[in-house]
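# Structural description and commentary
The primary structure of each chain is shown beneath.
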Amino acid sequence: MSQYRVLPGPEHFLPPAAASMGVYLPNPGEAHINGVIAPEEKAYEEAARQFLMAKVPTIFPGPLVLWAWNEKAAKKATAIRHLYNTLKECVQPGQKPMLIPMPDYRPKYPKINPEVEINPNHPNLTIWHNKIDCCMFVGVHCHQANLSLKIIRGGTSCYTIAMCAQAGHEDAMLSFRDASVEKIMKLADWVKKLKGTVQPRLATAKNGASS
Amino acid sequence: MSKERIKISEDLYDIMPSDYQDLVKSATYGKEDRGWKDIGNSKELIEQHSLCAGCPESMAFRYILASLPNPEDTVMVGSTGCTSLVFPMVAVHNIHSLFGNQNAIASGLKRALSVRFPDRVKDVVVLAGDGATVDIGLDMTLQAWFRQEKFTTICFDNELYANTGGQESGLMQKGFVAKMAPVGKLFDKVRLPEIARESGCHYVVNCTVSKPSLVEKVIRNAVHIAREIGPTYLQLYTPCILEIGKNSMEGLQEMRDSEKPTERFAYKEYISEPAKQLLAEMAAKDKERKAAAKQLAGQA
Ligand SMILES: Cc1ncc(C[n+]2csc(CCOP(=O)(O)OP(=O)(O)O)c2C)c(N)n1
Ligand code: SF4
Ligand SMILES: [Mg+2]
C-alpha cells in the first residue's frame, strides 16, 4: 500500500495527484480517509467530526446539484440544504457554517466574488477569504473537483471532503462514493448524533485556513 | 429549444450569485425572435469583459450573443487572443482551443453533437482573431471549408496580433507599421472572403460591427445556412484601438470610416444558390409568422 497520505496542506505549489502516489479509490460500500480505504460508516463519523471541529465548515454544491437538470438533482439540492441547516443547528457559538455555490467552471477572470461563489480554477481565493477550514464538495464533475481539491491541498490548510456521485476522489482528505440523497441525509444524521461531543478548534485559532 | 431546461434547484436558489438568477429570470434563451433590440431590456449573455475600454470587440460580442438564434444549444469555439479573455464571461457553452486549431476542434465537435443529439439542433460557431484564422490556423480554417463542415467561422479582424502586442498578420494592410512589426507589411491584405467563397463557403460577409442590426442579420443568416447547408464565414472589422492609436470613444468612427464604399470593409457578401433558396424560404416563413401575429393582435 502507498505510504502517501492525503493530508491538509499547504503541501506545496503543485501537490502530486494522489493517484500518482499510489492512492486508489474505494470499492462500493467503502470510502477513503487520508488516502486509506475505510468502511463507509467510519467515514460518516469522521466527516461529521471534521465539520463540527471546524471554525467555518462549508458545503460547496456544484453545477450537478445547483441546476435542476432532473428530479434527482433537485432532491439532492434539498438534502444539501438539510445538511447545511443541520450544521447550523449543531455547531457552537463562534462556529460559522457556510453554503457557497460553484455555479459553473468558467475560469472567471478578471475576478470572482469570493464571498458568494467558488471557482474550481482558483478555489483558494474563496477559502482564504472566508477562512474556511473544512469543506465538502458535492455535485462537482470529477475532473474539476480533482483540479480544485489539489489546488486547495497545495495552497491552504483546509480539510477537504468529497461527496462524490461516481467512484470517489483520491485528492480529497475524505471521500465517499456513489453519493445519493440517502447518503447526504445520513451524514446529516451523523452530525446530529455527534452534536456536543466534539471540541471545536476555536481556541487553537491558528489551525484554520492559511495562505 | 426553451428556457425550461435552464432552472436552478429551488432549495439552493437563494445562494446562487445574482448574475445566474438574472440569466434564468430574464435572459432571452428560447426566444424565437431574439436580437440586438433585447440589449437593455433583458439579461445579456455576456457578464463583463476584460478587453480595453472601448474595444470594438466588446460591441461585437454583445451584438453576436444577442443575435445567436439558438444560444442554449450553441457551442462556441474560441482561440487564443483578445477574444479568449471574454469567453469566461459568456453564458453560452464554449471551448478554448489551442491557438489556430479552432476549425479542427469545431469540425469534430459538430459531428459528435450530431451523433449524440440526432433530434436536437446544435449549432457550432467559431470565433477567433485574424492571427488564429488566417495565419497559424489557416490550414484548419481551409480544410474545414473544403470538407463542407456545417458550422460558422467568425473572424474578428483587427488586422494584427493584438493580444501579444502588435505583430504582423496576414490580414494587416500593406505598408502598415505596428509596434512589433517596424518594417511595415510588405504584401497585401490576404483576401480571405474571396478564398472562403472559392473554398466552398455558402455565405460570406465582410463588414464592420458599426451597425447592430446588420450584425444581427448576418449572424442569423450565417448560423442558419451553416446548420442546413454548409460552412459560412464572417469577417468582422473590430479595430484594435490600442494598436492604431485611437481613444476609447473612437472605435465606432474608425469602423464607419473603414466601411465607406471605396474602403476595405465596404459591405461585401456572397451567397451560394442553395443558401439563397434557404434565405428566401426563411423570409417567407417570417412573413407568414408576422402576418399571423398581426391577425391575432387584431382579433384581440
Ligand atoms: C500555439 C500558440 N502559438 C502562439 C501563441 C501566442 N499568441 C497568443 S495570442 C496571439 C495572437 C493573437 O492574434 P489574433 O488571433 O489576431 O487575436 P487578437 O489578439 O488580435 O484578437 C499569439 C500569437 C499561443 N498562445 N499559442
Ligand atoms: S489590445 Fe486591441 S483588440 Fe485587444 S482588447 Fe485592447 S483594443 Fe481590443
Ligand atoms: Mg488580431
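Rules and cut-offs
Residues numbered from 1 in each chain as written. Chains lettered and ligands numbered in written order. Predicted model: local features only at pLDDT ≥ 70, side-chain atom pairs only at ≥ 80, totals over all residues. Heavy atoms only, no water. Near = heavy atom within 4 Å. Nonpolar A, V, L, I, M, F, W, Y, C, P; charged D, E, K, R; others polar. Core = buried A, V, L, I, M, F, W, Y, C linked by side-chain atoms within 4.5 Å. Buried < 20%, exposed > 50% of the residue type's maximum accessible area, 1.4 Å probe, protein only. Contact = heavy atoms within 4.5 Å. Buried area = accessible area lost by both parts, 1.4 Å probe. Salt bridge = Lys/Arg side-chain N within 4 Å of Asp/Glu carboxyl O. Polar contact = N/O pair within 3.5 Å; in protein donor to acceptor, adjacent residues only side chain to side chain. Axes fitted to C-alpha atoms, helices over the stretch in contact; angles between N-to-C directions. Helix = DSSP H or I, 4+ residues; strand = E, 2+ residues; numbered from the N terminus. Parallel < 35°, antiparallel > 145°, perpendicular 65-115°, else oblique. Pairing = 2+ DSSP bridges. pLDDT = per-residue confidence, 0-100. Areas by Shrake-Rupley, 256 points an atom, 1.4 Å probe, with all protein chains shown as cover.

## A closer look at the site of ligand 2
In the neighbourhood of ligand 2, the contacting residues comprise B:L51, B:C52, B:C55, B:C82, B:N158, B:A162, B:C240, B:I241 and B:L242. The class makeup of the residues in the shell around ligand 2 is 8 nonpolar, 1 polar and no charged.

## Here's the deal with the nonpolar core
When a protein is soluble and globular, its nonpolar side chains tend to lie buried together. Residues A:F51 and A:I59 are the most contacted members of the largest nonpolar core, which totals 96 residues. Counting residues in each nonpolar core, the second largest holds 18 residues, with A:I118, A:C135, A:V140 and A:A172 among its members.

## Section: the interface of chain A and chain B
Across the boundary between the two partners, chain A contributes 23 residues, which contact 19 residues of chain B. Counting each side, the surface lost to burial between chain A and chain B is near 1,900 Å², with a carbon and sulfur contribution of 61%. Of all residues in chain A, the largest losses of buried area upon contact with chain B belong to A:W67, A:R81 and A:R106, amounting jointly to 33% of the total for that side. In this structure, A:R81 and B:D14 form a salt bridge, with 2.7 Å as the shortest nitrogen-oxygen distance. At the junction of chain A and chain B, the tally comes to 10 residue pairs in polar contact (both at pLDDT 80 or more). A breakdown of the residues in the side of chain A that touches chain B according to their chemical character gives 16 nonpolar, 1 polar and 6 charged.

## With respect to the packing of helix α3 (residues 71-90) of chain A against helix α6 (residues 181-194) of chain A
Residue and element names in this part refer to chain A. Orientation of α3 relative to α6, taken along the N-to-C sense of each, is 5 degrees, at an axis distance of 9 Å. Viewed along their axes, α3 and α6 adopt a mutual orientation that is roughly parallel. Judged by residue contacts, K75, K76, A79, I80, H82, L83, T86, L87 and C90 of α3 engage V181, I184, M185, L187, A188, V191 and K192 from α6. Per-class residue counts for the contact of α3 with α6 are 11 nonpolar, 2 polar and 3 charged.

## A closer look at the sheet that holds strand β3 (residues 123-129) of chain B
All names here are of chain B. Spatial ordering of the open sheet is given by β2-β1-β3-β4-β6-β5-β7, a layout of 7 strands whose pairing is mixed. Whereas interior strands pair on both sides, the edge strands pair on one side only; in this sheet they are β2 (93-96) and β7 (268-271). Here the strands of the sheet are splayed against their neighbours by 15 degrees on average, with no regard to which way each runs.

## Here we look at the confidence of the model for chain A
Per-residue pLDDT for chain A averages 93, and the proportion of residues at 70 or more is 95%. In the predicted structure, residues 205-211 of chain A sits below a pLDDT of 50 and forms 18 contacts with residues beyond four places in sequence or in another chain.

## Observations concerning the site of ligand 1
Residue and element names in this part refer to chain B. What surrounds ligand 1 is a group of 15 residues, the closest being C82, D130, G131, A132 and A162. One of the backbone N or O atoms of G131 is found 2.8 Å from an oxygen atom in ligand 1. Interatomic distance of 3.0 Å between a backbone N/O atom of A132 and an oxygen atom of ligand 1. Its free accessible area being 590 Å², ligand 1 has 77% of it covered by the protein chains. Of the residues forming the shell around ligand 1, the biggest block, 3 residues, is contributed by helix α4 (residues 130-136).

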